[in-house]
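Listed here are the chains, written in short residue letters.
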Amino acid sequence: MNRIQKLFTEKREKLIVYLTAGYPKLNSTKDLVLSAIDSGADMIELGIPFSDPQADGPVIQYSNEKAIKNGINLGIIFDQLEKIRQETSKPIALMGYYNQILKWGLNTFISDCKSLGVDGITIPDLPLCEANEFCKLSKSMNISPILLVAPNTSNENITKISKKAADLIYAVSIIGITGNDLSSRTELKTYLSRIRKYSSTPFMVGFGIRSHNDVKWFNEYSDGAVVGSAIIEKIKNKNDYINSARSFVKKLKGNHG
Amino acid sequence: MELTKRDYDLPDSKGHFAEFGGRFVPETLIPALDSLEEHYLAAKENKLFNNELNQLLKYYCGRETPLYKAEEISKELGFNLWLKREDLNHTGAHKINNALGQILLAKKMGKKRIIAETGAGQHGVATAAVAAKFGFECIVYMGEEDIERQKLNVFRMNLMGAEIRPVSSGSKTLKDATNEAIRDWVSNVENTFYIIGSSVGPHPYPMLVRDFQSVIGKETIIQFKELTGLPLPDKLIACVGGGSNALGLFYPFLPYDVEIIGVEAGGKGVNTTQHAATLTKGEFGVLHGAASMMLQNEDGQVTLPHSISAGLDYPGIGPEHSYLSKSKRVKYKTATDDEALDAFKWMSEKEGIIPALETAHAIAYLKQKDNGISKNEHVILNLSGRGDKDVSTVEQSMKKKYE
Ligand SMILES: Cc1ncc(COP(=O)(O)O)c(C=O)c1O
């Protein structure tokens, strides 16, 4: 069992924290990841910055742009991951757009992930119809391919996607991009129970989640909540971004002290 | 005479042209792309749909456009140059052929909010026009740099009731306008139809745009035969940005024995970093929903292209062109900013036709020494658009040059 499979056998509230590698500083990745984990994050989703992040709103676009200016690239991210892995055993997933992964070489990328202790990979612009090769290779190396579903994905496709992914899927909370506002709780409930019914794997929910209340609520109807834009917003333009991240993650977990 | 004909039936059912094409978009867009594909395939076989489109092409656009023998240039160069006059279309470029086709699909699908991206503004103007005509809401994403260099078109879009949303991210040009249009679409996919302006994007767009533009090549085949009595021309030439005017001319000729040349923007030279020569200098990758060739750095970040013409200033290219390049069916060459400017003046002076700066790149190819055009050959060039929108850019460059 890899760390993601293990985490999602546990029936308790889970918080997954998204961070952009190389943001706000080229070398802030490790400290931020470890602080988020210290403060209660159950899993980290580390974003590989891309020049053209189609599925992201202004906040994450900005962090991507800034990180690229800081000089981040996949080689540096892998170096950072190696050091991070020496200090934590929490699950870590990488999130990156397909072009950069192709550029690195899909095969090489996945085997590098394997040797550095990455547990899962999310590619927001790789839908089910193009994901065969990616899923096959990932699974052959015991890495979880985390495919996405959206509120307009059909029941039939939710089942197909979860079967193909096998370990975990990522339910986008809204029809939209990261940082958008959430829809009504009633609508969300219908959607999430649809996934519960048709998915053969655990699922986490992300996009637009920004408070402890949200995290608690989503955990009732799914297996975990991902917070991205909200934390990036919190550390933006902060000299003491580590402490900002710490106190925000604690709040998200419901620990105010 | 029997013409030799090779089969050509791409893309496959998943939208792939060999390793190019496909659908590299968030899952959120997949239902919309499925539905678009379904509606398009049905419309293609539907008599009523085709009648409506053909009527509009005739009475609204002014088709068919002439195939015009450029006598003066032919004399100067020693071969027969034919211009397919897409500049004479309503709104001034080939872009309207596609905008009309897509808005009819939007109507069929009951989507009354239209979005589009635009570089030169020609696609934006065409979309604004058809949206006005059908009474649909129209939002056009346009890079700030392009808004500056294509002011005339911005004004035209405003006049026709479109809302222009300036895009200030990245290079502030077509690439970033396309990103914003895609983000809008992801957020409003239920009620919005995205009218893409070139043969790019996720399947079925490259196929559908090509098909709507191929009215250019279909007319040309008939016109050339009528005018010359010859079965086929020797060569076809068109400029290539995303690739829609080029495919529109090329596609009906692909099965036949005709030499085909696409001309990319060489900017300040393909050996500098400032060009938009995607096939000449690019690498395999994924941009704006399709696998194709693209300009990128060693980290896989998309690099900023450069071209004096906003419509060619794009780091990607339609997947079918990548396929046609790799399979060597079409040759791709380049022309620089300076060559395009000279060609712009040359066509204006010689034929009294002011071409778009995009088109001027194809025209420049005619003067290149090693272009392989022999005496007396029949060459058809797609005059994709008129140059009114470019006169201030050209005026400024001329001032700089002669200062
Ligand atoms: C007149 C004209 N020609 C060519 C182009 C390039 O686009 P495409 O390669 O899709 O024909 C444009 C784009 O704006 C244009 O306005």
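Each remark here, short or long, concerns the structure printed above.
Residues numbered from 1 in each chain as written. Chains lettered and ligands numbered in written order. Predicted model: local features only at pLDDT ≥ 70, side-chain atom pairs only at ≥ 80, totals over all residues. Heavy atoms only, no water.

A. How the structure looks around the overall build of chain B. Across its full length, chain B carries 16 helices and 14 strands. For chain B, the C-alpha radius of gyration of 19 Å lies close to 22 Å, the compact-globule estimate for 403 residues. Projected onto the principal axes, the alpha-carbon positions of chain B cover approximately 55 × 55 × 45 Å. Each of the 403 residues in chain B was classed as buried or not, and the buried ones make up 65%. Pairs at least 24 residues apart make up 74% of the contacts formed inside chain B by residues separated by at least 6 positions. (Helix = DSSP H or I, 4+ residues; strand = E, 2+ residues; numbered from the N terminus. Rg over C-alpha atoms; globule rule 2.2 N^0.38 Å. Buried < 20%, exposed > 50% of the residue type's maximum accessible area, 1.4 Å probe, protein only. Contact = heavy atoms within 4.5 Å.)

B. Quick peek at the sheet that holds strand 6 (residues 137-143) of chain B. Residue and element names in this part refer to chain B. The four strands are arranged 7-6-5-8 in an open sheet whose pairing can be described as parallel. Looking along the sheet, the strands with just one partner apiece sit at the ends: strand 7 (163-167) and strand 8 (192-194). If you compare each strand with its neighbour and ignore which way they point, the axes differ by 25° on average. Strand direction decides the pairing type here: strand 6 and strand 7, joined by five bridges, are parallel. Directly across from Met142, in strand 7, lies its bridge partner Pro166. Helix 4 (residues 95-109) contacts strand 5 (113-118) and strand 8 of the sheet and is inclined by roughly 160° relative to strand 8. (Pairing = 2+ DSSP bridges. Axes fitted to C-alpha atoms, helices over the stretch in contact; angles between N-to-C directions.)

C. Main features of the layout of surface pockets. All names here are of chain B. Volume-wise, the largest pocket comes out at about 570 Å³. Elements that contribute at least two residues to the lining of the largest pocket include exactly helix 6 (144-149), helix 7 (151-159), helix 14 (337-351) and helix 16 (391-402). When residues in the lining of the largest pocket are grouped by element, the largest group, six residues, is from helix 16. Here the lining of the largest pocket is built from residues that sort into three nonpolar, seven polar and eleven charged. Shared between two domains, the lining of the largest pocket holds at least three residues of each, these being domain 1 (24-57 + 95-209) and domain 2 (63-92 + 214-402). (1 Å grid on protein atoms, 1.4 Å probe; cavity = no way out; pocket = protein on both sides within 12 Å on 5 of 7 lines; lining within 4 Å. Points joined across faces, edges and corners; volume = space filled by probe spheres on them. Nonpolar A, V, L, I, M, F, W, Y, C, P; charged D, E, K, R; others polar. Domains from an automatic or database assignment.)

D. Seen up close, the pairing of strand 6 of chain B. Residues and elements named next belong to chain B. Counting buried positions along strand 6 yields six of seven residues, so the element is predominantly enclosed. Inspection of the sheet shows strand 5 paired to strand 6 by six bridges, in the parallel sense. Residue pairing across strands places Glu117 opposite Tyr141, the latter belonging to strand 6.

E. A look at the sheet that holds strand 14 (residues 378-383) of chain B. All names here are of chain B. If you walk across this open sheet you meet the six strands as 3-4-14-9-10-13, and the pairing is mixed. Every other strand in the sheet has two partners, leaving strand 3 (67-69) and strand 13 (331-336) as the edge strands with one partner each. Averaged over all neighbouring strand pairs, the angle between strand axes comes to 30°, with direction disregarded. One ladder, built from six bridges, connects strand 4 (residues 80-85) with strand 14; its direction is parallel. When the sheet's bridge partners are listed, Trp82 is paired in strand 14 with Ile380. Each of strand 3, strand 4 and strand 14 touches helix 10 (residues 215-228); the most contacted strand, strand 4, lies at about 140° to it.

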